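# Per-entry structural report
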Amino acid sequence: MSWIDRVRKALPFQDKRDTPDNLWISCPSCKEMLFAKEYEENLSVCPRCDHHGRIGTDARFAQLLDDGFTVLDSPKVKEDPLKFRDQKKYPDRLKAARLANPHPDALTNALGAVDGHKCVLGVQDFAFMGGSMGMAVGSAFVSGVDRAIKEKCAYVICTAAGGARMQEGILSLMQMPKATVAISRLKRAGLPYVVVLTDPTTGGVTASYAMLGDVHIAEPECLIGFAGQRVIQDTIREKLPEGFQRAEYLYEHGMVDMVVHRHKLKAALASVLDYLGAAKAA
C-alpha cells in the first residue's frame, strides 16, 4: 500500500451531506444571488436593488393579516364548460396548477383583521395559471364581497393577473360585469373597497375590479395596464414614455392613489381602513 493510500484510509472522511437545491435564488431584476431565507425574511424584497418579488397567497395573508385569520372556502363552479383543448386539455392544466399551488384556483379569500381593522382579504396568485380570471375567480370575488357585507367590514383585494382565462372564452369575460355588480352592492352597503395592485395586474382584471376601488394602493414598480406595451406602440405608432404602465407613472398621472413599499404596506392599509371606517361612522 502506498503512503497516499495509508493517509487516505487514516483520515476520518464523512459522507457528503445532501444540500438543498433552494438555498439560493437569483433576483429577477439585478440578478444578484440571494440567500433564500434572507430573501423571505425581507418579505421577498431584494435587499440589494429593492425589487419586489411575486409572492403567493399564503405569504400575502401572513404579511397583511393579524394572527388568527380564517381562510374561506372557495365556491364550486363548473369546470371546463367549453371542453377547451389546446396543447393540453383544460382539466389537465387545472390539475397541474392545483398540484403546484395550495389553493384550488387563482383567487382565495380570508376573514381577518389588519392591525385590528376587520376585513375580508382576497388575494390573486399569479403562480396559478397567471392569476387568470375565470368563473372560479369571479365567483370567489363575489363570495368575498358577500362575506364582507355579511360581516359589515371592508373588502380588500390584492390583484395579480395576466387577464381573462382564455380556456373559458366569453364566460371568463362575463366575470368583469359580475364583479362590477358585486362592488356596487358593497358600496350601497356603505362598506369600503380597497385595491392593492401587485405585479402584474393586466387585461380584464385591470378593466374591471382592479380599478374600481375607493382607494388604490400599488407596490413599487409593479406592472399595471390593459394591453401590452408592444401592442400599444404598434397600434399608435409612437414610442411610449419611460416607465409607462409602472406604478410610479400611474401615480404621477392620477390613476393610483399611493405607491407603498411592501415593508410599510400593512401599516398603510390599516391607516386607509381606519380612515374609511371613520368616514362611514361620520
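As a reminder, the structure under discussion sits directly above these lines.
Below, the structure is looked at part by part. (Residues numbered from 1 in each chain as written. Predicted model: local features only at pLDDT ≥ 70, side-chain atom pairs only at ≥ 80, totals over all residues. Heavy atoms only, no water.)

It is worth spelling out the packing of aromatic side chains at this point. Aromatic ring pairs are described here by two measures, namely the spacing of the ring centres and the angle between the planes. Enumeration over the complete set of coordinates arrives at seven aromatic pairs. Taking 5.6 Å as the distance between ring centres and 55° as the angle between the ring planes, the aromatic pair formed by W24 and F35 counts as tilted. Placement of W24 in strand β1 (residues 24-26) and of F35 in strand β2 (residues 33-35) is noted, with a sequence separation of 11 residues between them. Look at F35 and you get partly exposed, because its relative accessible area is 35%. Following the ring pairs from residue to residue traces out a cluster consisting of F141, Y155, Y193 and Y209. Over the face of the ring belonging to F126 we find R54, whose NZ or CZ atom lies 4.5 Å from the ring centre. (Phe/Tyr/Trp six-rings, centres within 6.5 Å; stacked < 30°, edge-to-face > 60°. Helix = DSSP H or I, 4+ residues; strand = E, 2+ residues; numbered from the N terminus. Buried < 20%, exposed > 50% of the residue type's maximum accessible area, 1.4 Å probe, protein only. Lys NZ or Arg CZ within 6 Å of the ring centre and 35° of its normal.)

For the rest of this paragraph, the subject is the environment of H52. By the secondary structure assignment, H52 is in the loop between α2 (36-41) and α3 (57-64). The exposure class of H52 is buried, given its relative accessible area of 6%. When the C-alpha positions of H52 and D199 are compared, they lie 8.4 Å apart, and in sequence the two are 147 residues distant. Those residues in contact with H52 that sit more than four places away from it in its chain are S44, V45, E219, P220, H261 and R262. Only 3.1 Å separates the side chain of H52 from the backbone oxygen of D50, close enough to count as a polar contact. A polar side-chain atom of H52 sits 3.0 Å from the main-chain amide nitrogen of R262. (Contact = heavy atoms within 4.5 Å. Polar contact = N/O pair within 3.5 Å; in protein donor to acceptor, adjacent residues only side chain to side chain.)

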